[in-house]
Amino acid sequence: MWAYVVRRLLLAIPTLLGVTVVVFLIMRVIGDESLRFNTGMTMSFETYQMIREELGLNKPLYEQYFHWLFDIVTLDFGRSILYNNAEMSALLARKVPLSLQVGLMGLLIGSGLGIIGGVIAALKQDTFTDYLIRGIAILGISVPTFWSGMMLILIFVRMFDWIPRQGYVPIWEDPAGNLAQLIWPALIIGLGFFMGTTLRMMRGAMLEVMSEDYIRTARAKGLGERVIITRHAMRNALIPVLTLVGMFLPITVTGLVVTEQVFGIPGVGHLMIDAINFRDFPVVQLLVTLSGIAVVMANLGVDMLYLWLYPRIRY
């Protein structure tokens, strides 16, 4: 087992380096042009040259890359042009916890209900319950989150005179107030794409597992149906679902752009939109890099969980 873990960790290193190389080259192609755009709109040519020098864009590419990579490894993320030269580490410290909380709440709601609903739909195959659950799943996948979010806000404002609270407080300072604000975007995310996709995957995996020979053998040996479902069927059916949830994890931090815009959440998605609109080159480069790293680390975490769900993979 430990040899497998070490091998997966070592394989993640060149993957992460590849991510940094791709992001660096793409951003170097568009970064200088972004600064030229700002030069003609909001800054003098002297300011433009000064910013290029501060960002290291006047140095050779290989020197820029290794200097930037060293800064990333040492957690020196540089400063933002848009936010008055503020340190990006401070910006991330304010934005990431908010996006992470909303995303994880939505992921827990969606994956939990999706797994339960998928199991019920598989056990009630081709019945009214199955059709109803599958219809809810398709509806959740089909309806865009921006539309459902706006409808939720309109319903609460028009029918209950509910006005969203401005500004967000950490959960450790005001748990009730924090959850009262963030539960609605979390529900929109969770009951939409997360739940629908997880439910359909879990239902298909359960139907496939329930037809396997070892399930029939377990029934022939006299095991109870609950034991067969929970200990044998669900555990094996969770393997593809776990891969799907692992793909969702990076989205919980960097992919909630639309939802954050609809609900006015000042998270990472909101920061990304502002950075793109105002050509804030360092912020865009950092967020894209962190997105790639999040994808690699999520896949690595899923591989580690496979060892618990499917012990044969150790060999």
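Residues numbered from 1 in each chain as written. Predicted model: local features only at pLDDT ≥ 70, side-chain atom pairs only at ≥ 80, totals over all residues. Heavy atoms only, no water.

## Brief notes about the overall build of the protein chain
When helices and strands are counted, the protein chain shows 13 helices and zero strands. Across the 315 residues of the protein chain, 41% fall into the buried class. Sequence separation of 24 or more characterises 75% of the internal contacts of the protein chain that already satisfy a separation of 6 or more. Approximately 17600 Å² of the protein chain is accessible, and the part contributed by carbon and sulfur atoms is 68%. (Helix = DSSP H or I, 4+ residues; strand = E, 2+ residues; numbered from the N terminus. Buried < 20%, exposed > 50% of the residue type's maximum accessible area, 1.4 Å probe, protein only. Contact = heavy atoms within 4.5 Å. Areas by Shrake-Rupley, 256 points an atom, 1.4 Å probe, with all protein chains shown as cover.)

## Some remarks on the packing of aromatic side chains
Applying the stated criterion across every chain, the model contains five aromatic pairs. Taking the centre distance of 6.3 Å and the plane angle of 55° together, the rings of tyrosine 65 and tryptophan 68 count as tilted. Highlighted residues: tyrosine 65 and tryptophan 68, both in helix α3 (residues 61-73), separated by three residues, approximately one helical turn. You'll find tyrosine 65 and tryptophan 68 in the same group, each marked buried. Judged by centre distance (4.7 Å) and plane angle (35°), the rings of phenylalanine 194 and phenylalanine 248 are tilted. Of this pair, phenylalanine 194 sits in helix α7 (residues 175-210) while phenylalanine 248 sits in helix α9 (residues 225-248), and the two are 54 residues apart along the sequence. Taken as a pair, phenylalanine 194 and phenylalanine 248 share a single burial class, namely buried. Three or more aromatic residues joined by ring pairs make a cluster, and in this case those are Phe24, Tyr65, Phe66 and Trp68. (Phe/Tyr/Trp six-rings, centres within 6.5 Å; stacked < 30°, edge-to-face > 60°.)

## Points about the packing of helix α4 (residues 88-123) against α7
Two elements in contact, α4 and α7, have axes whose closest approach is 4 Å; the angle formed by their N-to-C orientations is 35°. Classified by chirality, the crossing of α7 by α4 is right-handed. Taken together, the residues that form the contact of α4 with α7 break down as 26 nonpolar, 11 polar and one charged. (Axes fitted to C-alpha atoms, helices over the stretch in contact; angles between N-to-C directions. Left-handed = near helix turned anticlockwise from the far one by under 90°. Nonpolar A, V, L, I, M, F, W, Y, C, P; charged D, E, K, R; others polar.)

## What to know about the nonpolar core
Counting 32 residues, the largest nonpolar core has Met202 and Met206 as its most contacted members. Secondary-structure elements contributing two or more residues to this core are α4, α6 (145-160), α7, α8 (213-220) and α9. If sequence neighbours within four positions are ignored, methionine 202 has contacts with Gly114, Ile115, Gly118, Val119, Met234, Ala237, Leu238 and Val241. Ranked by size, the runner-up nonpolar core spans 23 residues in total, among them Ala12, Val19, Val23 and Leu287. (Core = buried A, V, L, I, M, F, W, Y, C linked by side-chain atoms within 4.5 Å.)

## Describing the packing of α8 against α9
Orientation of α8 relative to α9, taken along the N-to-C sense of each, is 160°, at an axis distance of 10 Å. Relative to α9, the element α8 lies roughly antiparallel. Handedness of the crossing formed by α8 with α9: right-handed. Packed against α8, whose contacting residues are Tyr214, Ile215, Ala218 and Arg219, the element α9 presents Glu225, Ile228, His232, Ala233 and Asn236 at the interface. Counted by class, the contact of α8 with α9 contains five nonpolar, two polar and two charged residues. (Parallel < 35°, antiparallel > 145°, perpendicular 65-115°, else oblique.)

## Some remarks on the pattern of salt bridges
By the definition in use, this model includes four salt bridges. Between arginine 203 and aspartate 130 there is a salt bridge; the shortest N-O distance is 2.9 Å. Here arginine 203, found in helix α7, pairs with aspartate 130, found in helix α5 (residues 128-142); they are 73 residues apart in sequence, far enough to count as distant. Given a relative accessible area of 14%, arginine 203 falls into the buried group. Salt-bridge contacts for glutamate 225 lead to arginine 219; the nearest nitrogen and oxygen are separated by 2.8 Å. The class of arginine 219 is partly exposed, set by a relative accessible area of 36%. In the salt-bridge network here, residues are joined through shared partners; they are Asp130, Arg134 and Arg203. (Salt bridge = Lys/Arg side-chain N within 4 Å of Asp/Glu carboxyl O.)

## Brief notes about the side chain of serine 111
Within the secondary structure, serine 111 sits in helix α4. Polar contacts involving the side chain of serine 111 include one to the main-chain carbonyl oxygen of leucine 107, which spans 2.5 Å. With sequence-adjacent residues up to four places away left out, serine 111 is seen in contact with Thr198 and Val245. (Polar contact = N/O pair within 3.5 Å; in protein donor to acceptor, adjacent residues only side chain to side chain.)

## Remarks on a nonpolar patch on the surface
A cluster of nonpolar side chains, contributed by Val6, Leu10, Ile13 and Leu17, occupies part of the molecular surface with about 360 Å² of accessible area. The topology assignment puts leucine 17 in helix α1 (residues 2-41). Looking at leucine 17, the relative accessible area reads 39%, which means it is partly exposed. (Patch = residues over 30% accessible without salt bridge, like charges linked within 9 Å, V, L, I, M, F, W, Y side chains within 5 Å.)

## Some remarks on empty space enclosed by the protein
Tallying each qualifying case throughout the model produces one cavity of 30 Å³ or more. The calculated volume of the largest cavity comes to roughly 40 Å³. Around the largest cavity, the lining residues are Met88, Leu91, Leu92, Leu271, Val283, Leu286 and Leu287. Listing elements by their share of the lining of the largest cavity, those giving two or more residues are α4 and α13 (281-309). Each residue belonging to the lining of the largest cavity can be placed in one class, and the counts come to seven nonpolar, no polar and no charged. (1 Å grid on protein atoms, 1.4 Å probe; cavity = no way out; pocket = protein on both sides within 12 Å on 5 of 7 lines; lining within 4 Å. Points joined across faces, edges and corners; volume = space filled by probe spheres on them.)

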